[in-house]
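Next come the chains, spelled out residue by residue.
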Amino acid sequence: MTQAPVEPTIDTDSAVADPDDILTIAREQVLERGEGLSQEQTLAVLQLSDDRLTELLALAHDVRMKWNGPEVEVEGIISLKTGGCPEDCHFCSQSGLFESPVRSAWIDIPSLVEAAKQTAKTGATEFCIVAAVRGPDKRLLSQVAAGIEAIRNEVDIQIACSLGMLTQEQVDQLKDMGVHRYNHNLETAKSHFTNVVTTHTWEERFETLRMVREAGMEVCCGGILGMGETLEQRAEFAADLAALEPDEVPLNFLNPRPGTPFGDLEVLPASEALKAVAAFRLALPRTILRFAGGREITLGDLGAKQGILGGINAVIVGNYLTTLGRPAEADLDLLVDLSMPIKALNSSI
C-alpha cells in the first residue's frame, strides 16, 4: 500500500539562527561551496525530525539546481536475460536459489531493438541492457554485442549495461562495443553487505567498478534502501558512494518480493525515504541522482513530485526488471508540470 508523504510545517527562522544546525551547516558547505556532507553530517540529516522535512527537501533541491541545473536525465531499462541467477541477493526474485515466480528467459535481438526504440520515443537518452547473472559468459557477451550493433543501426541513444561482475578482459570488450555507462550497484553499506548477499563480496563488486572507471566508461553505482540497514549504515553507504565518485547513483527502495528472504520486510516509510533522497543529494551534490525501483510503492505520485523537488535529477521511466513502474507518460507529464527539461542526447549534467 502506498504511504502518503507527510506535509510538515516548519520554523525556518529558528533553524537558520542556529550555527550548529545541520541544515545551516549544509547550506554553507554544500549549497555555497559544493562540498558534500561527511558520513557524520549525513547521519545528522537522516536523524532530523519529520517537521524539518520540507526545509530539508527545499535545500536539497537548491543544491541540485545550483550544481546540476534543471535538466532531468531519462533512462529506460530492459532485461536481456531474466531469472536463474546463481547469486543469493536477498532482495531479488531473479535468484535461482529462492522460491520466487521469476523464471529464466532470454529476449531476442529484434525485441531488444524495439525496446530501445520505444525508450527513445519517450525522450530518454540512456538505454540500459541488464542481465541476471553473476557475470557474463561468452554467450551473453556475444548477445550483448549483437544487440548493441543492432540498436546503433536504428536508434540514436546511449547504451549502458549491467551484467554483473567483470574481468578486465570483459571490461575492455564492453568498452570496445561502445558501452557508455556501466551499472554495478554496491547495494548497501559495506558493514551491512553480508546481511544482504553471501555468495560474493562487497570487495568483488568494488573491483569491477574500479576497472570500469579506469577503462573510461561512466560508473553507475547505487543500491536499495530499506533492507534492514540502520540510519548509521545508510549514512555509511552515502559515504561509500561519495568516495567512489560515481557519475550516477540510482536510488532504489525495497519492494519486498514474495519468495525472497526480504519478502516480509516492511516498506520504508515515505518520510524516511524522502529524507534519504535529500541526504544523498547533500552528500553527493554534483552526481546524477536517479529515481529507480520501489518509488511507486514507497512514495506514490505525491512522493515522486517531492523527490524530484528534493534532489533527484534523473528517472527510470516505464517498468523495471521484475516490478511495474509508473507509466512513462506520468513521469514525463510531471517534468513538464515542474518546468524541468529532459536532458538532450548531446548535453551533459
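Figured I'd write up the structure that's included with this text. (Residues numbered from 1 in each chain as written. Predicted model: local features only at pLDDT ≥ 70, side-chain atom pairs only at ≥ 80, totals over all residues. Heavy atoms only, no water.)

## Points about the overall build of the protein chain
Going by this rule: Only DSSP runs of H or I reaching four residues or more are called helices, and only runs of E reaching two or more are called strands; each is numbered from the N terminus. Think of it in three bands: with a 1.4 Å probe and only protein chains considered, a residue is buried below 20% of the maximum accessible area for its type, exposed above 50%, and partly exposed in between. Note on definitions: a residue-residue contact is assigned when non-hydrogen atoms from the two residues lie within 4.5 Å. Only the protein chains shown count as covering a residue, and every accessible area follows the Shrake-Rupley method with a 1.4 Å probe.
A tally of regular secondary structure across the protein chain gives 12 helices and 10 strands. For the protein chain, buried positions account for 59% of its 349 residues. Sequence-distant contacts, at least 24 apart, represent 77% of the contacts inside the protein chain between residues at least 6 apart. Carbon and sulfur atoms provide 51% of the accessible area of the protein chain, an area that totals close to 14,000 Å².

## Remarks on unusual backbone geometry
A positive phi angle, near 75°, is found at Glu187, a position not held by glycine. Inspection of the secondary structure assignment puts Glu187 in the loop between strand S5 (181-183) and helix H8 (202-215). Overall, Glu187 belongs to the buried group, its relative accessible area being 7%. A positive phi angle, near 55°, is found at Glu245, a position not held by glycine. With respect to the helices, strands and loops of the structure, Glu245 is situated in the loop between helix H9 (231-244) and strand S8 (248-253). For Glu245, a relative accessible area of 57% gives the class exposed.

## Considerations on the pairing of strand S4 (residues 158-162)
Quick note on the threshold: Any two strands between which DSSP finds at least two bridges are classified as paired. For a crossover, the right-handed case is the one in which the path from the first strand over the helix to the second runs clockwise, viewed with the strands pointing away from the viewer.
Most of S4 is tucked away, with 4 of its 5 residues classed as buried. Here strand S3 (residues 126-131) runs beside S4; their pairing, made up of 5 bridges, is parallel. If you follow Cys128 over to S4, its bridge partner there is Ala160. The β-α-β motif built from S3, the intervening helix H6 (residues 138-154) and the parallel element S4 has right-handed crossover chirality. Direction of pairing for S4 relative to S5: parallel, over a ladder of 2 bridges. Paired with Ala160 across the bridge in S5 is Arg181.

## Remarks on the pattern of salt bridges
Just so we agree on the cut-off: One speaks of a salt bridge when a side-chain nitrogen belonging to Lys or Arg is within 4 Å of a carboxyl oxygen belonging to Asp or Glu.
The final tally for this structure, using the stated rule, is 24 salt bridges. Between Glu87 and Arg134 there is a salt bridge; the shortest N-O distance is 3.0 Å. Of the two residues, Glu87 sits in the loop between strand S1 (73-82) and strand S2 (105-106) while Arg134 sits in the loop between S3 and H6, which places them 47 residues apart along the sequence. Here Arg134 falls in the partly exposed class, since its relative accessible area comes to 33%.

## Details of the packing of helix H5 (residues 109-121) against H6
So the rule is basically this: Axis definition: a line fitted to C-alpha atoms, over the contacting stretch in the case of helices. Angles run 0 to 180 degrees between N-to-C directions. Relative orientations are named as follows: roughly parallel for angles under 35 degrees, roughly antiparallel for angles over 145 degrees, roughly perpendicular for angles from 65 to 115 degrees, and oblique for any other angle. Left-handed describes a crossing in which the near helix is turned anticlockwise from the far one by less than a right angle; the clockwise case is right-handed. Asp, Glu, Lys and Arg are counted as charged, while Ala, Val, Leu, Ile, Met, Phe, Trp, Tyr, Cys and Pro are counted as nonpolar; the rest, among them Gly, fall into the polar class.
Running from amino to carboxyl end, H5 crosses H6 at an angle of 45°, the nearest separation of the two axes being 9 Å. Relative to H6, the element H5 is oriented oblique. For the crossing formed where H5 meets H6, the hand is right-handed. Across the interface between the two elements, Ile109, Leu112, Val113, Ala116 and Lys117 from H5 touch Gln143, Ala146, Gly147, Ala150, Ile151 and Glu154 from H6. Along the lines of polarity and charge, the residues of the contact of H5 with H6 split into 7 nonpolar, 2 polar and 2 charged.

## Brief notes about H5
Given 3.6 residues per helical turn, the α-helix brings residues three or four places apart onto the same face. Note the following rule: Multiplying 1.5 Å by the helix residue count minus one yields the expected span of that helix. Comment: arc refers to directions from the helix axis out to C-beta atoms.
Taking 1.5 Å per residue, 13 residues should reach 18 Å; H5 reaches 19 Å between its end C-alpha atoms and fits that length. Taken residue by residue, H5 has Ile109, Leu112, Val113, Ala115, Ala116 and Thr119 as its buried positions. Along the long axis of H5, the arc covered by the buried residues comes to 160°, so they all point the same way. Seen from the buried face of H5, the exposed residues on the opposite side, beyond 90 degrees, are Pro110 and Lys121. Buried residues in H5 make contact with S1, S3 and H6. A positive phi of about 100° marks Gly123, the residue just after H5.

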